[in-house]
Structures are given as C-alpha cells and as structure tokens.
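# Remarks on the overall topology
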Amino acid sequence: MSAQVSEQFLSEVRKAMSSVKKPTSYDRVYKDECMFSFSTPESPGGLFVNLSTWKAFGEAFVKQDAAAQSSTGPSLYLQQLWERRPKTDEELKEDEAKDKETTKLAIGVEGGFAGLEDKPYKLEKSNFLVVVPSMEKVLLPCVDLPEVVIQACEGVIKHQGSVVQDTIQEWEDKPQVSRFSETLEQLPNVPRISPKPSDWVCAVCGRRQNLWLNLSDGFVGCGRKQWGVDDTGCEGGREGAAVLHFDDTGRRFPLAVKLGTINAKGADVYSYAENDMVEDSKLKEHLLHFGIDLAAMEKTEKSLAELQIELNKKFEWDRITEAGKKLEPLAGAGYVGLVNLGNTCYMNSIMQLLAAVPEVAESYGQTQALQLLVGSRDMQADPADDLLLQTSKVFEGLLTDHRHRQRKQLEEKFAQKVEALGRTADSTGIEAAFTDLDVVAPRMFRTLIGRGHPEFATARQQDAEEFLQHLWEEVSKAERGQSGRCETLPAFRKLAPLFAWESEDKYKEGATSCVCLKKTRESVLRLEIPQEAATNMLEVREYEKNAKDLPGAGEKVLPRVPVQACLDLLAQAEPVAFRGRQCMKTTRFATFPSYLVIQMKRFYTAPDWTAKKMEVEVPMPEDLDLSALKAEGMLAGEQEMPEEPDGGAPAQQNTASGGGGGGEHQFDEMLLVTLVSMGFSENACKRACLAVPSPNADSCLNWLFEHSGDPDINDPPPPG
C-alpha cells in the first residue's frame, strides 16, 4: 500500500475500469461473505468485491475469480478489511450507561435487543481499491482515482448488500388484519366490562391474569395453555377457558383481546379461527360495545411479544447442556456451529445431522470437493444459484477447521491490542469476544434452497422433516442435471439414496388367506408415540398432583416412552377395508437404508379436533434391533388377492362424501369447513378426504400431517 498513487498504479486501474460500474439500490451486491467460502470482511485478508460483477471473494479465491473474468488484463476489486479493536475503559462505561430494558421483539431498534453496542470491541473498517493479480492497492477514499472508479467503490460501500441488515436487523412480525374484523358478529345485551383490572376474573377458574375478552359475546377467560411455559391456561394446568369457549360456541366467535394489554395504541388480538395474532381494524369500535374506551386504558400486563422475549431470556439452556457439569467448549473440524438466521433452527439441525454422515462428508465436505465444484461451475452463472456448490460450501465449512484457525489468528492480534492499552490480555475474555467466529452463517444456501417455496422462502418457523424432504428433492434434481460434474468429485455418493428404503404393506384377508403386497419408496420412518407405555407414569402423576397443589414446584416430569414401544406399535396389524374385503394390514421393511431417519409424531388430534403437541420424552438408544420388522413377502399357503372382490363387482371407491358416481368429486362440506378452520388449504383438505377410506376429521388430519411436505399438497385434486 502506497501513501501516494503511482502513475503505474493508475495505468493499471485505467486498463480495467471499462467494465467497472456503480450499483443501484435495486442491484444485488454480495459484500458480506465469499461466494465460495465463509470468509467475511473480518477474515484475515478481508473480503474482495469485484467492481464489475459485485460478487465477493475471500483471499484464497480472488485471483481465481480475476482469471476467470479476464485472462489478459487486470481486474479491480474493493477490499473490505475489518478489524476488532478493544474498547477503551471510557467506551465500556458508556455502554453500561446505555443499557436498558428490552421491551420489543426486535433487534437493533428502540427498545429492542442490542446489536453491536454490547460487544467488548469496536469494528475498525478500512476499504482499499485493489488491482488483481498484482494485488497492489490504495486506501480509500482517494481523490486521484478516476471518477467512475470512485463512484463504483462508494456505491458498493454504501449499498446495504445482499444480506439486508446482516448483524443489526429488525425481525418484528406485524400481525395481519383479521378477515373477521370488518364483519365481526357482536351480540346485543352483552355485559359491561369494568376498566379496573382488579375486577377482571376468569369465568371458569377465577384467575385474574392473562385474561382474554371475547369480542363477540363478552366472555372473559384465561388464555391458551402454552407448551413449555408455566402458569398459562386455566388453574391446574388445564386448557385456557377462552379458547374452549370458542369451541363450545360452535366456533362462531373467533376474536379475543387480551385485557391487560389494552392501551391507546392498541392491544393484543388473537384469532382462534385463523390460529394467529391479528390486527383488528375496528378494535376501538368493538371495545366500545363493552363500554371500554381504548384511549382511556393503560397497559397493565405484558404483551405476547414481551412474554416471548422473557421466555427467550429465561430459556432453560441447562436442559440441553447437562446442567451442573463443567463443559469444555469444542471447536475445530466437525465442531463448527451454524448461525440462526431467524427461525432457521430447523435447517441448521438438518444440516448438522447430514454433516455427521460419512458419505455426505466425503462427497460434499472435503476442501477438494469444494474446489472441484468451483472449478467446474458455469462461469457465466451466478455462484449463489449453484446448489451443488452452495451445499458443498456449507458442509466444507462445518467439517474443516478453516474458521477456527482464522479465529486464532485474530485472537492473537486482539490480545496484542489489549496489552497496548495497558490492560492484561485475559484469555477467557478474549475467547468469549471471538466465539461468533467459530460458526458459519449459511445465508446463500438458505436463500437458494428456499427460493420459490411457499414456506422455506419465508422467515417463519418450519418443520425439520419437511425441510429434509425438500432438501433431498432439490439436491437430487441438481445431481441428476449435473451428473458429469458430480462424477469428478472424490468418493461421490448421491445424497437421497443413502436414506431410502422400500416399505412393504401387506393386506391379508383372514378368511381366504388372500394377500396383496404393496411396496413404496420411503425415506423417513414415522413412529406414533403410545403415551400409555411410559415407564415413569407414577412419577408423572406424582408431579402433576404436586403441581396442582403448589404450581411451579420442582422440575417438570414428562412421560418417558421407550422407542421400542413405538416400534412395537408400528409392528401391530390393523384392520382395514381393502378391495372390498376386510383385511389385516402390516407394514414392514422390504429393504433397509444405509441410514434410517426417524420422526417421532408428537402432534396428535385432540377430542375437540384441534392439533396438539405431546409433552413426552423418547430416549434414543445407540442400537436399534429392527429384525422383527423385516418383510417376509408371500408365505406358504397364501395366494395373490384378485384386483376385484369375488363376483366381479368393482371395489368401492372413496367419493369423500358417501356418494357414488363419476364426474366431479363430492365432499362433505362440514368436514371440509372443520379441516380448513385448522389452517390447511381447501385443496389440501380435499386431497385428504379423497385419500383416506371413510374420511372423518381424525383420519384426514393424520393424512394431512403425514403429507404436509408433498409438493402438490395445495394443488387442486385430480378430477373424479
């Protein structure tokens, strides 16, 4: 780096500046991480942004990109170099004075969680114009550079980047206006609600907190029982009276407001029919119906957002980190964490699971594999759109020690700066300041794998098993479409077949020994959980009794069900109607996978037809004996079942309503309304009604839970 810009340097800049351009706010600028690795501006050497393509590369890849762009002349890059400087004593004192209570479910906004302010360091950001491959550079800003280059550099520096608000971001979710707001039914002659919180009481259990007012008939009851949250629902751990009232009144009155949150700015409103927090566009008018003046009310209880913040702060991390034990932090190859990018724990858990599979590690996780994918890519295509490359980037980041080695280099430099301030370089404090560098943030992968998907493209929480199925499908498409490229990888194995097997459903009619075998390709073993098989029911009942008498006493005791009990339930034969016959159906493994993925079906349908989640533990043993579930095929004395029942009559077809005939499907409208009210699309509910024999709410819900990941689940059903 020169203090002055030499004429030779300017000559090289002029040769390359014809392709340089300034990005607009609409352009996609990658300035936060390398396209091929997880290098960032904080990595040793920083991050280099190509001023022609606005794509970023770490020090290990920048020359390779320049060679791909121009084999004869130089290329221009903006180098971002960020270094952590320890805060002075005065700056640390200022941080303490700024500390305030978190009141908003947001990051980096007034009243929200802190961003960088609570860190023991400040980021010193430097920018350079670099000529590649010579790597000569000049510190920016520099008035001696050509104007077009100055404008391009400033445009990239000021651009928010492809990762919008990377470290400081607001993720507050604004509720949508309820579809019931404008036409909400409000009954006449309803009770007047006192403005005094001391007068509010649950009509069922007598509690005086977390009370919700039904905006149609004035019923006041406790809020819903929240899974994993104490002191919710009605007294004694029962479901909240407010939601039960919604069911008891025929689900006619969907909107309820939390009384303690009413203030001049609004209130928490929940729609039981829409199963979500909503905005009531006519809240002021609806409250006046009960004599409540919105402008005169003051907030006396925490909102649901504030309660969620409190729950996050008090989360029982010791339940997953072996409480009471001194744990030694692990770092390095195979011990790399994934950053939660906002409700992405479902994705992170799946990627960590797959990274533990040796064949996946050998196919995608080796540095050699990543380099081969980089070298064999379409040079005209955007690397951020290359799924094979981005998948390998994630696994290579998890399974190598690149990040850990970089962290150690940065820690050494930081320690020297601490000592220069006259302070002792405490190793524990320095390590704590750099733990975030032992993880990777799979932003490009997350954006790519979710693109075009109605759920995974959003920031909402998702189901891990559904994401795994989606990942298998998308990676399989990429592997098939680029088979020649995959064959160049060392020890390459296709991803999805590692987990696939054939399932055999055997239908046997007892009276005739007629048998039909149906084989299907599966990739996830879904197990029901028989709670009655829990081995600690005495302890559970004792805890429930004590909790009822003295809420909050002692650590919660959950039913503990052995996984063998779940397998035994799967092994049982069940009576079914098949091809017009009464048969017994068994499900067995026709083949076994290299790796078996098991999903414990914690969701179930309650007697009121609502979806509930079991609070239950299912300890997983290191070894599973599945020999009893091996398919036997056709046995001696059994015969192939005819396609049609005896007498030539066609097998009964499911018309979803008990009606027959061809043409359009006929559906039980009441059944459809019930299913749709639980949050499923109408098309998905119709498919469920057509798929199960003798459809009812219970059987259709089970089908919907099992098939929620089907790509065509929300498409119109095929014609009758």
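In this text the structure is predicted, and so the values were computed from the model without any measurement.

### What about the sheet that holds strand β18 (residues 581-589)?
Each strand in a sheet pairs with its neighbour through backbone hydrogen bonds, running either in the same direction (parallel) or in the opposite one (antiparallel). Spatial strand order, β17-β18-β14-β15-β22: 5 strands in an open sheet with mixed pairing. Both edges of this open sheet fall to β17 (574-578) and β22 (639-640), since each of them pairs with a single strand only. Here 6 bridges tie strand β14 (residues 501-509) to β18, and the two strands are oriented antiparallel to one another. Bridge pairing in β18 links Asp 505 to Thr 587.

### Some details on the sheet that holds strand β8 (residues 220-222)
The strand order across the open sheet built from 6 strands is β6-β11-β10-β9-β7-β8, with neighbouring strands paired in mixed fashion. In this open sheet, the two edge strands, each paired with only one partner strand, are β6 (176-177) and β8. In the packing of helix α5 (residues 241-248) onto the sheet, the strands contacted are β7 (211-214) and β8, and the crossing angle to β8 comes to about 120°.

### Comments concerning the packing of helix α11 (residues 387-399) against helix α15 (residues 464-481)
Packing of α11 against α15 leaves a shortest axis separation of 9 Å and a crossing angle of 120°. One way to sum up the angle between α11 and α15 is to call them oblique. Note on element contacts: α15 touches α11 through Glu 474, Val 475, Ala 478 and Glu 479, opposite Leu 387, Leu 388 and Thr 391. Of the residues belonging to the contact of α11 with α15, the class tally is 4 nonpolar, 1 polar and 2 charged.

### Concerning the pairing of strand β1 (residues 47-50)
Here β1 shows no split at all, with Leu 47 and Val 49 on one side and Phe 48 and Asn 50 on the other all buried. Here β1 runs beside strand β3 (residues 75-86); their pairing, made up of 4 bridges, is antiparallel. Paired with Phe 48 across the bridge in β3 is Gln 79. Examined bridge by bridge, β1 and strand β2 (residues 56-58) share 3 bridges and lie antiparallel to one another. Bridging across to β2, Phe 48 finds its partner in Phe 57.

### Describing the pattern of salt bridges
Tallying each qualifying case throughout the model produces 32 salt bridges. We note a salt bridge from Lys 393 to Glu 33, for which the minimum N-O separation is 2.5 Å. Placement of the pair is Lys 393 in helix α11 and Glu 33 in the loop between α1 (7-16) and β1, with a sequence separation of 360 residues. For Glu 33, a relative accessible area of 4% translates into the label buried. Between Lys 556 and Glu 615 there is a salt bridge whose closest N-O contact spans 3.0 Å. Of this pair, Lys 556 sits in the loop between α17 (537-549) and α18 (563-571) while Glu 615 is found in the loop between β21 (611-613) and β22, placing the two residues 59 residues apart along the sequence. Each of Arg 407, Lys 408, Glu 411 and Asp 438 takes part in one network of salt bridges that share partners.

Cut-offs used in this document
- Per-chain numbering applies: the sequence of each chain, read as written, is numbered from 1 onward.
- Totals for whole chains, interfaces and linings use every residue, but because this is a predicted model, local features are given only for residues with pLDDT of at least 70 and side-chain atom pairs only at 80 or more, for both listing and counting.
- To get the side-chain values, all heavy atoms of the structure are used, and hydrogens and water are removed first.
- The criterion for strand pairing is that DSSP finds at least two bridges linking the strands in question.
- The numbering of helices and of strands both runs from the N terminus, where a helix is a DSSP run of H or I of at least 4 residues and a strand a run of E of at least 2.
- Contact definition: two residues touch when any of their heavy atoms are within 4.5 Å.
- For helices, the axis comes from a line fit to the C-alpha atoms of the stretch in contact; other axes are also lines fit to C-alpha atoms, and the angle between any two N-to-C directions lies between 0 and 180 degrees.
- Our angle categories are set so that under 35 degrees counts as roughly parallel, over 145 as roughly antiparallel, 65 to 115 as roughly perpendicular, and the remainder as oblique.
- For this classification, Asp, Glu, Lys and Arg are treated as charged, while Ala, Val, Leu, Ile, Met, Phe, Trp, Tyr, Cys and Pro are nonpolar and the rest, including Gly, are polar.
- Relative accessible area decides the class of each residue, using a 1.4 Å probe on protein chains only: under 20% of the type maximum gives buried, over 50% gives exposed, and in between gives partly exposed.
- By salt bridge we mean one thing: a side-chain nitrogen of Lys or Arg within 4 Å of a carboxyl oxygen of Asp or Glu.

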